[in-house]
Amino acid sequence: MADNITGKRALITGSAQGIGRAIAEALAEQGCRVLINCAHSPAKAEAVCRKLVDRGLNAGLLLCDVADEADVQAERVFAFACNLGDPADIDALVAKAEKAAGAIDILVNNARLDPYKRMPGMSDGVWFNRLLNVNLTGAYLCAQAVKEGMKRRCWGRILNISSVQAHIGMEPRLLPYAVSKAGMHALTRCLALELGDFGITVNSLAPGMVETENMRKRLTPEEIELKLKRFPLHRAAAEKEIAEAAVNTIRCGAMTGETVNINSGVYFAP
């Protein structure tokens, strides 16, 4: 039987838009106390909170701008601004989240740098390190920050959002991103081995092409059509499909160290 996660505190990094936003909404529908995170778009994060409010999931506030913390203790939805490339920011994020909502039960490591947004003139080394710093090191540090509380309670869920690009060879401009996502699989397995004794599961979710608002910003219609021709199902996944898979993985207490692949058949896991 799947775990009941009603009332669990869930931190979803990079949840102001796209897949992260969809997962936050899906977990809120399950009755979780959702903590929404962003790096550069506090207005978008607040909009996610307001949307949840409109759906009857109580008020959402941008906590970093709230002066009177007594006003937020009873809320179920919170938003936090944080740069996951900065270890001090991560510590502050988790401390602030736990002060507002209680200890984190569920961590979804979703935040990442968009591999298509490399700044002109940025050297290969700087770009590679920046991607790994946010995409992989940030996920590791977030897990480190929440795992001790999970161990004390002998329950926790960590879900790392990876990518099909971790499995297949990619063009040069996507190489650093693919490496960062492949690293998340090693992180998943190692944490699963470490934390299994405490009833904590750690898994990865590896989407392929997903219909997000950014997909058509970074790819031309011709590029999208060409990619979809390679997929046996010839379609991209919807955000809600990824969110449903995330919720199912989080609720399953019998699976750990695994990667759930949702990529329209472009990669068949062995």
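Everything that follows concerns the structure shown earlier in this document.
Residues numbered from 1 in each chain as written. Predicted model: local features only at pLDDT ≥ 70, side-chain atom pairs only at ≥ 80, totals over all residues. Heavy atoms only, no water.

Where helix H1 (residues 18–29) meets helix H8 (residues 239–251), the closest approach of the two axes is 8 Å, and the angle between their N-to-C directions is 55°. When the interaxial angle is binned, H1 and H8 end up oblique. Crossing handedness for the pair H1 and H8: right-handed. Contacts between H1 and H8 involve Gly-18, Ile-19, Arg-21, Ala-22, Ile-23, Ala-26 and Leu-27 from the first element and Glu-239, Ile-242, Ala-243, Ala-246, Val-247 and Ile-250 from the second. Partitioned by chemical class, the residues of the contact of H1 with H8 number 10 nonpolar, one polar and two charged. (Axes fitted to C-alpha atoms, helices over the stretch in contact; angles between N-to-C directions. Helix = DSSP H or I, 4+ residues; strand = E, 2+ residues; numbered from the N terminus. Parallel < 35°, antiparallel > 145°, perpendicular 65-115°, else oblique. Left-handed = near helix turned anticlockwise from the far one by under 90°. Contact = heavy atoms within 4.5 Å. Nonpolar A, V, L, I, M, F, W, Y, C, P; charged D, E, K, R; others polar.)

Let's shift gears to the pattern of salt bridges. As enumerated under the stated definition, the model contains 12 salt bridges in all. The partner of Glu-25 in a salt bridge is Lys-51, with the nearest N and O atoms 3.2 Å apart. With a gap of 26 residues between them, Glu-25 in helix H1 and Lys-51 in helix H2 (residues 42–54) connect regions that are remote in the sequence. Of the residues examined, Glu-25 reaches a relative accessible area of 10% and is grouped as buried. (Salt bridge = Lys/Arg side-chain N within 4 Å of Asp/Glu carboxyl O. Buried < 20%, exposed > 50% of the residue type's maximum accessible area, 1.4 Å probe, protein only.)

Interhelical geometry of helix H3 (residues 87–101) versus helix H4 (residues 124–153) gives an angle of 40° and a closest axis separation of 10 Å. Note on packing geometry: the crossing formed by H3 with H4 is right-handed. Every residue of H4 that contacts H3 at Pro-87, Ile-90 and Val-94 is listed here: Gly-138, Leu-141, Cys-142, Ala-145 and Val-146. Tallied by class, residues from the contact of H3 with H4 come to seven nonpolar, one polar and no charged.

This paragraph deals with the environment of Lys-8. In this structure, Lys-8 sits in the segment before strand E1 (9–12). The sequence separation of Lys-8 and Thr-212 amounts to 204 residues, and the corresponding C-alpha distance is 27 Å. Residues in contact with Lys-8, not counting those within four places in the same chain, are Cys-32, Arg-33, Asp-105, Ile-106 and Trp-155.

A volume near 190 Å³ is recorded for the second largest pocket. Together, Ala-22, Glu-25, Ala-26, Glu-29, Gln-30, Arg-55, Lys-240, Ala-243, Glu-244 and Val-247 line the second largest pocket. Elements supplying a minimum of two residues to the lining of the second largest pocket: H1 and H8. Across the lining of the second largest pocket, the residue classes break down as four nonpolar, one polar and five charged. (1 Å grid on protein atoms, 1.4 Å probe; cavity = no way out; pocket = protein on both sides within 12 Å on 5 of 7 lines; lining within 4 Å. Points joined across faces, edges and corners; volume = space filled by probe spheres on them.)

Note that every value here comes from positions in space, so none of it alone points to a role or purpose.
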